[in-house]
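An overview of the molecular structure
The chain contents come next:
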Amino acid sequence: DAREELLSECDRYFEENIYLAAQAITTTTVNRINDGDTILIYGRSQLILRILLTAREEGRKFRVMVVDNRPDLRGVNACERLTEADIPCSYVYINSATYVMKDQITKVLLSADALLANGYVLGPVGTAMLALIAHKYNKPVIVCCETYKFSERVQTDSILFNELADPNDMLKTKT
């Protein structure tokens, strides 16, 4: 059956490129989280949440600073999930990133939408700014990206594939 073979290949792909990759990334990154760390994350990423929740389950004691931006405010959910897991969590908008990065943050965990062949990382709007601020203050940045997000594409600037959205979304408020 072609259908059974296709389903089997899909299962194998998921196992190798999503589940096992996330497991390896989680194990490696948890080993880089130390007691007393204050970790900055941006928005909401399932992989980043998995890493932080696993570190907590393993007994690591750390704080998280969730940086968020409009219009999506995805970080609200991340902060709620971390708080439910007894991980001390603070929430700020991206315009406060420089202030909190300077004295409060010990490392930055970022997710990626894609990792390009030349090593460039594609992420949500604001990701590059956070990485640059971290660099300015000598804070380590760990980018977590599953293998299925690897791309053979090469990009030499940050203009070609910017995230575009409806500008009217900036005027809406979430309740």
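Look above for the structure.
All values reported here derive from a predicted model rather than from experimental measurement.

1. As for helix H3 (residues 75-84)
- Of the positions making up H3, those classed as buried are Gly75, Ala78, Cys79 and Leu82. What you see down the axis of H3 is that its buried residues fit within an arc of 100 degrees, all on one side.
- Against strand S1 (38-42), helix H2 (46-57), strand S2 (63-68) and strand S3 (89-93) lie the buried residues of H3.
- One or two steps after H3, the chain reaches Asp86, where phi turns positive at roughly 60 degrees.

2. Notes on the environment of Ala114
- Tracing the backbone shows Ala114 in strand S5 (residues 114-115).
- Separated by 37 residues in the primary sequence, Ala114 and Ser151 place their C-alpha atoms 6.6 Å from one another.
- The residues touching Ala114, leaving out its near neighbours within four places in the chain, are Tyr120, Val121, Leu122, Cys145 and Lys149.

3. Describing the side chain of Asp68
- Tracing the chain through its elements places Asp68 in strand S2.
- For the buried Asp68, no salt bridge exists, and the shortest N-O distance to an oppositely charged side chain is 7.1 Å, to Arg74.
- Reaching out from Asp68, the side chain makes a polar contact with the side chain of Tyr91 at a distance of 2.6 Å.
- Excluding residues that lie within four positions of it along the chain, Asp68 makes contacts with Tyr42, Gly43, Leu73, Arg74, Gly75, Val76, Tyr91, Val92, Tyr93 and Ile94.

4. Some details on the packing of aromatic side chains
- Applying the stated rule across the entire model yields one aromatic pair.
- With a centroid separation of 5.9 Å and an interplanar angle of 70 degrees, the aromatic rings of Tyr91 and Tyr93 are classed as edge-to-face.
- Residue Tyr93 is classed as partly exposed on the basis of its relative accessible area, which comes to 41%.

5. Re helix H5 (residues 127-136)
- Every buried residue belonging to H5 is among Thr127, Leu130, Ile133 and Ala134, and all of these are buried. Buried residues in H5, looked at end-on, bunch into an arc of 125 degrees, giving them a common side. Turned more than 90 degrees away from the buried face of H5 sit Ala128, Leu132, His135 and Lys136, all of them exposed.
- Looking at the buried positions of H5, the neighbouring elements they touch are S1, S2, helix H4 (97-103), strand S4 (107-111) and strand S7 (141-144).
- Once H5 finishes, Asn138 follows within two positions and takes phi at roughly 55 degrees, a positive value.

6. Some words on the pairing of S4
- Most of S4 is tucked away, with five of its five residues classed as buried.
- A two-sided burial pattern is seen for S4, the buried positions comprising Lys107, Leu109 and Ser111 on one face and Val108 and Leu110 on the other.
- As defined by bridge partners, S1 adjoins S4 across three bridges and the pair is classed as parallel. Paired with Ile41 across the strands is Leu109, a residue of S4.
- Where S4 meets S7, four bridges bridge the pair, whose relative direction is parallel. Note on S7: the bridge partner recorded for Leu110 is Val143.

7. Let's talk about the pattern of salt bridges
- This structure, assessed with the given rule, holds four salt bridges.
- A salt bridge links Glu4 to Arg3, with the nearest nitrogen and oxygen atoms 3.9 Å apart.
- Judged by relative accessible area, Glu4 falls into the partly exposed class, the value being 46%.
- You can call Arg3 exposed: its relative accessible area is 61%.
- Among the ionic pairs, Glu58 bridges to Arg60, the shortest N-O distance being 3.2 Å.
- Since its relative accessible area comes to 19%, Arg60 is described here as buried.

Cut-offs used in this document
Residues numbered from 1 in each chain as written. Predicted model: local features only at pLDDT ≥ 70, side-chain atom pairs only at ≥ 80, totals over all residues. Heavy atoms only, no water. Buried < 20%, exposed > 50% of the residue type's maximum accessible area, 1.4 Å probe, protein only. Helix = DSSP H or I, 4+ residues; strand = E, 2+ residues; numbered from the N terminus. Arc of directions from axis to C-beta. Contact = heavy atoms within 4.5 Å. Lys, Arg positive; Asp, Glu negative; His and termini not counted. Salt bridge = Lys/Arg side-chain N within 4 Å of Asp/Glu carboxyl O. Polar contact = N/O pair within 3.5 Å; in protein donor to acceptor, adjacent residues only side chain to side chain. Phe/Tyr/Trp six-rings, centres within 6.5 Å; stacked < 30°, edge-to-face > 60°. Pairing = 2+ DSSP bridges.

All we've got here are geometric facts, nothing functional implied.
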